[in-house]
Structure formats: structure tokens, C-alpha cells
Amino acid sequence: VPSTMPERRRPPGARSIELGSVVACLSLLAYLGVGIGTAFTGAGASGPWAVVALVAAYLMADLVSGVVHFVADTYFDVDTPIVGRKFVLPFRAHHACPEDMIEHDFVEANGDSCLVVLFPLVPTALFVPVAHGGAATTLGVFVVAFSVFIVLTNEAHRYAHAERAPRIVRRLQRLRLILPPEEHARHHQAPFDRAYCITSGVLNPLLDRVGLFKAITRLVPARRADAESPP
Ligand SMILES: [Zn+2]
Ligand SMILES: [Zn+2]
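Visitor: Any chance you could break down the confidence of the model for the protein for me, citing the residues and the numbers?
Guide: Mean pLDDT over the protein stands at 89; residues scoring 70 or higher make up 91%. With pLDDT under 50 throughout, residues 225-231 is counted as low confidence; its partners more than four residues away or in other chains account for 10 contacts.

In C-alpha cells form, the structure reads like this:
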């Protein structure tokens, strides 16, 4: 880590929060999954609408990963209160040392994503009767699939930087279900303003062609004093 990059100190209790988030997230996914399974075995759930929900969740997760990554790369800096250490620093440190993230274990790498998806998962588990079929089940399928893709984002990004990956991962990359290394490589090349999506990366060519992120920086000029030119 270069001298301009403050060390990523872990606050006390960080691991307990990450572990709690992982357990809560997996429990809610299992609970909703059983409810959705009940709706499909007991009829009343629409297969075609479930497919629409899956595709929508796949695209939405990639878009969210791109917007979050773009904001962290482009705005604020590592000293910004609240978001600086937790949100901006991991992305900036990743540009300085792309291989570093491979060393984090599962809980550290995915705890934050699990925490974030509790925001859609908890209200869905409380208020949406996913086992009853119809629109409720379709919404449940969307929320579960979206959450799974968001939780997979860090793993997908890690594997896009890994020299070796299990065969199943390579297959998922080829199928474009998770981010392929050659797609993500464009993001780590000058001028460092393309290919922000890191879940499947499937939206990158479209978003780069329409110039979404360039348009946003024209509206809201970037402030990235400590990351003017990532290596
Ligand atoms: Zn980046
Ligand atoms: Zn990367």
C-alpha cells in the first residue's frame, strides 16, 4: 500500500458485525427460498414471471454494483467522515494493489454486502407472503436473486483478479453469470473511467457506449484528489 493510502485499520467489533450479517443474510435467504419453493410446489406461482424476475435481478444487481463502484472511485476521499474508511478506501486501495483483496477471508470479504442486502431481505421476509403465489412470489424471487447477485459481487470481483479459479467459476465467467477477467481488465486500464459494473459486467458495454458515468461527472464534477490517476 503506497504512503498516500492510510492503512485499513479494522475497528473493534467489525468481525462480529460481519459475521452476524452473514448469518442473518443466509438465514433470510433460506427462509424466503423455502417459502418460494412452497409456492411453486403448491401451484399458484408463475414460472414465466419468475424468469422475468431473475433476469431483472441479474441486470439490476450489475447496475447497482456499477453505480456504487463509480461513486467510490470518483467522489469523496479516504478522509471523508463515515464513508471514507468504510466505503471509499477499499476501492481506492484496490486500484493501488488489485491483488490485495484475494487475501481476505469469506466473512471479511462479504460481510458488508450481506449487511447491505438485509435492507431488502428483512422487509420482504416480514411483509411479503412469498409462499402464497402470484405477485408476492415473483417479488420474492426478485429480492432473493438480487440479494444473491449482490452478495456474489465481491467474490466475482475477487475471481476476476485471481490467476487460478475453480472450473465451475471459469464456467460461470464464460456464461456471463459472474464477471469475466477480460471484461474487468478494461476497468484497470487507462483512462480508468470505464467498465464499473463488477457483478456480471454484462451492462458495461451498454453503459460505456451511452456514456452514463461520463455524463454524471459532467453534472457533478469528480473530487478525487488522492486518486487522480490510479496505477
Ligand atoms: Zn474501480
Ligand atoms: Zn478490480
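Here the narrative resumes.
Visitor: How would you explain the packing of aromatic side chains if you had to name every residue and give the values?
Guide: If you walk through the whole model with that rule in mind, you get seven aromatic pairs. Centre to centre, the rings of Y196 and F213 are 5.0 Å apart; their planes meet at 70°, and the pair counts as edge-to-face. Within this pair, whereas Y196 is found in the loop between α7 (181-185) and α8 (204-210), its partner F213 is found in helix α9 (residues 212-219), the two being separated by 17 residues in sequence. The exposure class of Y196 is buried, given its relative accessible area of 2%.

Visitor: Residues and numbers for the packing of helix α2 (residues 47-74) against helix α5 (residues 134-161), please.
Guide: Close contact between α2 and α5 brings their axes to 8 Å; oriented N to C, the two are set at 35°. In this structure, α2 crosses over α5, and the sense of that crossing is right-handed. Contacts between α2 and α5 involve W49, A50, A53, L54, A56, A57, Y58, M60, A61, V64 and S65 on the former and, on the latter, T138, V141, F142, A145, F146, F149, I150 and T153. Looking at the contact of α2 with α5, its residues break down into 16 nonpolar, three polar and no charged.

Reading guide: rules and limits
- Residues numbered from 1 in each chain as written.
- Chains lettered and ligands numbered in written order.
- Predicted model: local features only at pLDDT ≥ 70, side-chain atom pairs only at ≥ 80, totals over all residues.
- Heavy atoms only, no water.
- pLDDT = per-residue confidence, 0-100.
- Contact = heavy atoms within 4.5 Å.
- Phe/Tyr/Trp six-rings, centres within 6.5 Å; stacked < 30°, edge-to-face > 60°.
- Helix = DSSP H or I, 4+ residues; strand = E, 2+ residues; numbered from the N terminus.
- Buried < 20%, exposed > 50% of the residue type's maximum accessible area, 1.4 Å probe, protein only.
- Axes fitted to C-alpha atoms, helices over the stretch in contact; angles between N-to-C directions.
- Left-handed = near helix turned anticlockwise from the far one by under 90°.
- Nonpolar A, V, L, I, M, F, W, Y, C, P; charged D, E, K, R; others polar.

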